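Here are the chains, one letter per residue:
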Amino acid sequence: MILPTRRSASARAPDGASAQPTPGGALDRMSLVFVAAGAILWASDVFFRTGLVSHGLSSSAIVFAEDLFITVACLPFAARIARDLRGRSKRDILALTAIGVGPQALATVLFTQSISLALQSNSVNETYLLQQVQPVMAIGLACLVLKERQRARFWPLAALALLAVYLVVFARAPFQPFSDLGRGHLLAGVFALGAALLWASGTVLGRYALRDVSFVTTTAMRFTIALPVLFAITLISNGTEAFTVYRLADVPNLIGLAIVPGLCAILVYYRALRSTPASLATLAETAFPLTVTLLLALPAPYGFSQQILPLQLGGAALFIVVMIFLNARKENTVVDESFRARFLRTADPELRSA
């Protein structure tokens, strides 16, 4: 773990509000890039999930098993996590609980249901198009909950980032998603927006919790709290037989799924989120759908051997440029003074008595 360097708690932005704190260290200086790296690691689940699906495991069974393995992996840190949670405010505990129940458990269910309904009306692009509003929701929530305020130049850069992802995801038929939306399934759209809202709230609540709670504890609580929720969802959806479908041959893929796109990805993501405004982090997270789309070029069974189009390469390049520029300018994000002061005292033990 890279320890942050000391910063003055009295430093202020020119307008009297506080700039987003960015502790020292390479990871903190490049935190937005590492948020995107965590999102890219999420996309690696295709290398493990494909084999599990081919063995007949349902999405709920896979997600439950992944969460179970990660929860077990966190057990050696139980004492440290308990100490970290001791004395935390009710709001911190509520935020951690909401992350486990909403973004980790319910959002996955809503998204899966949206895809299923959209397939019935042959308008699956409806779901993916509505997912593009997730960063907009997260930016709005960051403003309301975290009091983040962006400089004027942020908005065109944010628009460019979303445009870049759109060009990659929908390069083969740029206007098809809008026609799908016009003839789409209403309930599929509602579920897609619900999933987007929950995932957006997860970014903001994670940033909120990380001001006082370590990224290891935040990660552990996310999966531990989600486990009973996922158990109930799996039981209700498929009955007790849902827990008898696992085979010994599935264990390597389940462990790989839990370690790489699960535990490692979330640890990298939360560590970087500590030093990243939520309104910027949500843009970096769109590296996930961008990466998933590019992975479709892989040969079967991991992809569909699709040709990478020049428009997709251009969109990916544009996204990388925007992320690097936003990372360099992330200190221009203005946050509430009390939030910044508490962050600094949490990040640097020498300032806790300040």
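Procedures and definitions
- Residues numbered from 1 in each chain as written.
- Predicted model: local features only at pLDDT ≥ 70, side-chain atom pairs only at ≥ 80, totals over all residues.
- Heavy atoms only, no water.
- Buried < 20%, exposed > 50% of the residue type's maximum accessible area, 1.4 Å probe, protein only.
- Helix = DSSP H or I, 4+ residues; strand = E, 2+ residues; numbered from the N terminus.
- Contact = heavy atoms within 4.5 Å.
- Patch = residues over 30% accessible without salt bridge, like charges linked within 9 Å, V, L, I, M, F, W, Y side chains within 5 Å.
- Areas by Shrake-Rupley, 256 points an atom, 1.4 Å probe, with all protein chains shown as cover.
- Salt bridge = Lys/Arg side-chain N within 4 Å of Asp/Glu carboxyl O.
- Core = buried A, V, L, I, M, F, W, Y, C linked by side-chain atoms within 4.5 Å.
- Axes fitted to C-alpha atoms, helices over the stretch in contact; angles between N-to-C directions.
- Left-handed = near helix turned anticlockwise from the far one by under 90°.
- 1 Å grid on protein atoms, 1.4 Å probe; cavity = no way out; pocket = protein on both sides within 12 Å on 5 of 7 lines; lining within 4 Å.
- Points joined across faces, edges and corners; volume = space filled by probe spheres on them.
- pLDDT = per-residue confidence, 0-100.
- Phe/Tyr/Trp six-rings, centres within 6.5 Å; stacked < 30°, edge-to-face > 60°.
- Lys NZ or Arg CZ within 6 Å of the ring centre and 35° of its normal.
- Expected span 1.5 Å × (residues − 1).

K.L.:
Help me understand helix H15 (residues 287-295) in this model?
P.N.:
Residues three or four positions apart in an α-helix share a direction because the helix packs 3.6 residues into each turn. Along H15, the positions that sit buried rather than exposed are Ala287, Leu290, Thr291, Thr293 and Leu295. Where H15 is buried, its residues touch helix H2 (31-43), helix H3 (46-54), helix H9 (154-169), helix H14 (278-284) and helix H16 (310-328).

K.L.:
Please explain a nonpolar patch on the surface as it appears in this structure.
P.N.:
Taken together, the side chains of Met30, Val33, Phe34, Ile320 and Ile324 define a hydrophobic patch exposed on the protein surface, amounting to about 400 Å² of accessible area. Contributions of two or more residues to the nonpolar patch are made by H2 and H16. Among the secondary structure elements, valine 33 is positioned in helix H2.

K.L.:
Looking at this model, I keep getting lost on the nonpolar core. Mind explaining?
P.N.:
The nonpolar side chains of a soluble globular protein tend to be buried with one another. Judged by nonpolar contacts, the single largest core of 54 residues is most densely connected at Phe154, Tyr270, Phe319, Met323 and Leu326. Element by element, the count of residues in this core is highest for helix H13 (residues 251-273), at eight residues. Judged by nonpolar contacts, the second largest core, of seven residues, contains Leu52, Leu57, Ala65 and Leu257.

K.L.:
What is the right way to read the packing of helix H11 (residues 186-209) against H13 from this model?
P.N.:
Packed helix pairs are characterised by how far apart their axes lie and by the angle those axes make with each other. The interhelical angle for the contact between H11 and H13, taken along N-to-C directions, is 65°, at an axis separation of 9 Å. The two elements H11 and H13 cross, and the hand of that crossing is right-handed. Across the interface between the two elements, Thr203, Gly206 and Arg207 from H11 touch Tyr269, Tyr270 and Leu273 from H13.

K.L.:
What should I look at first to understand empty space enclosed by the protein in this one?
P.N.:
Any empty space left between atoms is shown by rolling a water-sized probe over those atoms. Applying the stated criterion across every chain yields a total of one cavity of 30 Å³ or more. If you add up the space inside the largest cavity, you get close to 80 Å³.

K.L.:
Just checking my understanding: could you explain the confidence of the model for the protein chain for this structure?
P.N.:
Low-pLDDT stretches of the model should not have their predicted coordinates read in fine detail. The pLDDT averaged across the protein chain works out to 85; a share of 87% of its residues lies at or above 70. Looking at the elements of the protein chain, mean pLDDT is at its lowest for strand E1 (residues 18-19), recorded as 36, and at its highest for H13, recorded as 96. Low pLDDT, under 50, characterises residues 1-22; the predicted model gives this stretch 64 contacts beyond four residues in sequence or across chains.

K.L.:
Is there a simple way to explain the side chain of threonine 282 in this structure?
P.N.:
Note that threonine 282 resides in helix H14. Excluding its chain neighbours within four sequence positions, the residues that come into contact with threonine 282 are Gln134, Pro135, Ala138, Ile139 and Thr203.

K.L.:
I tried to follow unusual backbone geometry on my own but got confused; where do I start?
P.N.:
A positive phi is found at lysine 147, a non-glycine position, where the angle reads about 60°. Within the fold, lysine 147 resides in the loop between helix H8 (134-145) and H9.

K.L.:
Hey, could you run me through the packing of aromatic side chains in this one?
P.N.:
Remark: the centre distance and the inter-plane angle together describe each pair of aromatic rings, the angle taken between the planes. Considering all chains together, one arrives at 11 aromatic pairs under this definition. Look at phenylalanine 64 and phenylalanine 231: their rings are 5.9 Å apart centre to centre, the planes differ by 50°, and that puts the pair in the tilted class. Here phenylalanine 64, found in helix H4 (residues 59-73), pairs with phenylalanine 231, found in helix H12 (residues 215-238); they are 167 residues apart in sequence, far enough to count as distant. On the basis of relative accessible area, phenylalanine 64 is assigned to the buried category, the value being 9%. Phenylalanine 231 sits in the partly exposed class, given a relative accessible area of 38%. Aromatic side chains phenylalanine 111 and tyrosine 128 sit 6.0 Å apart centroid to centroid with 70° between the ring planes, which places their arrangement in the edge-to-face category. Taken together, the positions of phenylalanine 111 in helix H6 (residues 90-120) and tyrosine 128 in helix H7 (residues 125-131) put the pair 17 residues apart, joining distant regions of the chain. One aromatic cluster is present, formed by Trp42, Tyr269, Tyr270 and Phe288 through successive ring pairs. Positioned above the aromatic ring of tyrosine 208, the side-chain terminus of arginine 211 is 3.9 Å from the ring centre.

K.L.:
For this particular structure, what's the right way to read H6?
P.N.:
Compared with the 45 Å implied by 1.5 Å per residue over 31 residues, the 43 Å span of H6 between its first and last C-alpha is a close match. At the exit of H6 stands asparagine 122, carrying a positive phi of roughly 55°.

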